[in-house]
Amino acid sequence: MLKKLALGTAFAALLAGSAFAQEIKIGVTPGPHAQIMEKVKEIAAVDGLEIEILEFSDYVVPNQALNDGELQANSFQHKPYLDNQVRDRGFEIVDVAYTVNFPMGIYSEKHESFEALPDGATIGIPNDPTNGGRALLVVADSGAITLDPDKGLNVTIADITENPKNFNFVELDAAQLPRSLADTDASAINTNYALEAGLDPANDPILKEGAKAPYVNLIAVNTADKDAEWVAKLVAAYHNDEVKAFVDETFKGSVLTAW
């Protein structure tokens, strides 16, 4: 009798746990964001939060899907990009936690160093305003070009004030930049796409971005959800020490935790 009672109590508890489990959909880009979120999913499940991970191949759709209610959160972008999207598209989206940093790199299949790029070299950069500006800032930090200081992070090709080697900057979709290496002298590639293409962001770039805080990635949710209990659970799961260890061991310095 006692054994039956114990089994019945355990079954009731299991049913209660299932009843209170909350399911959410999170948008990510393929590669590190997806891999890290799989680890977060394991940890969140223990706290009753069931995550369905949806992968998107570009940087535009995940915010539109979040704004439209097709997702409850996304994890793929840094704050300057989110701020641009909110300003330009009127999204009701807000960041709730920092995640990881992916230092951008300049890669080349033709030249062994950035200094070896010839006059008139073609350099591929992302065609979205935020990451395109980020790429230009990486080049400017090397001293190769000068940018209008009044533009801050919001720089474009039009804001290049000095370009002594007459570099030709070509804007391409961020996901296509690894493939562009056969046709360009060099290309600025976001770490997630570099890893997906089999590049080594720790050792392959001929020029690397410094640790710039504005480009730390984040978790975004709809503004109305920012104080929801499931958001707190998601952030706690992401900021778990197991996730940090997973990032350190898996990416070996190519991806840096930012909490």
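**Q** Any details on the pattern of salt bridges? Residues and values, ideally.
**A** Side chains carrying opposite charge are able to pair once their charged atoms draw close together. Counted by the stated rule, this structure contains nine salt bridges. Here R87 and D88 are joined by a salt bridge, their closest N and O atoms 3.7 Å apart. Assessed through its relative accessible area of 53%, R87 is described here as exposed. Judged by relative accessible area, which is 55%, D88 ranks as exposed. Each of K39, E42 and E242 takes part in one network of salt bridges that share partners.

**Q** Give a description of the sheet that holds strand β13 (residues 256-257) that names residues and reports values.
**A** An order of β2-β1-β3-β12-β4-β13 is seen for the six strands of this open sheet, with the pairing classed as mixed. Where the open sheet ends on each side, the last strands, each with one partner, are β2 (49-55) and β13. Alignment of strand β4 (residues 93-101) against β13, held across two bridges, turns out to be antiparallel. In the sheet register, V100 faces β13, and the bridge partner there is T257. Lying on the sheet, helix α2 (residues 32-46) is in contact with β1 (22-28), β2, β3 (73-78), β4 and β12 (216-222); it crosses β2 at an angle near 165 degrees. Strand contacts of helix α4 (residues 79-89): β3, β4 and β12, with the helix running at about 110 degrees to β3, the strand carrying the most contacts.

Cut-offs and rules
- Residues numbered from 1 in each chain as written.
- Predicted model: local features only at pLDDT ≥ 70, side-chain atom pairs only at ≥ 80, totals over all residues.
- Heavy atoms only, no water.
- Salt bridge = Lys/Arg side-chain N within 4 Å of Asp/Glu carboxyl O.
- Buried < 20%, exposed > 50% of the residue type's maximum accessible area, 1.4 Å probe, protein only.
- Pairing = 2+ DSSP bridges.
- Helix = DSSP H or I, 4+ residues; strand = E, 2+ residues; numbered from the N terminus.
- Contact = heavy atoms within 4.5 Å.
- Axes fitted to C-alpha atoms, helices over the stretch in contact; angles between N-to-C directions.

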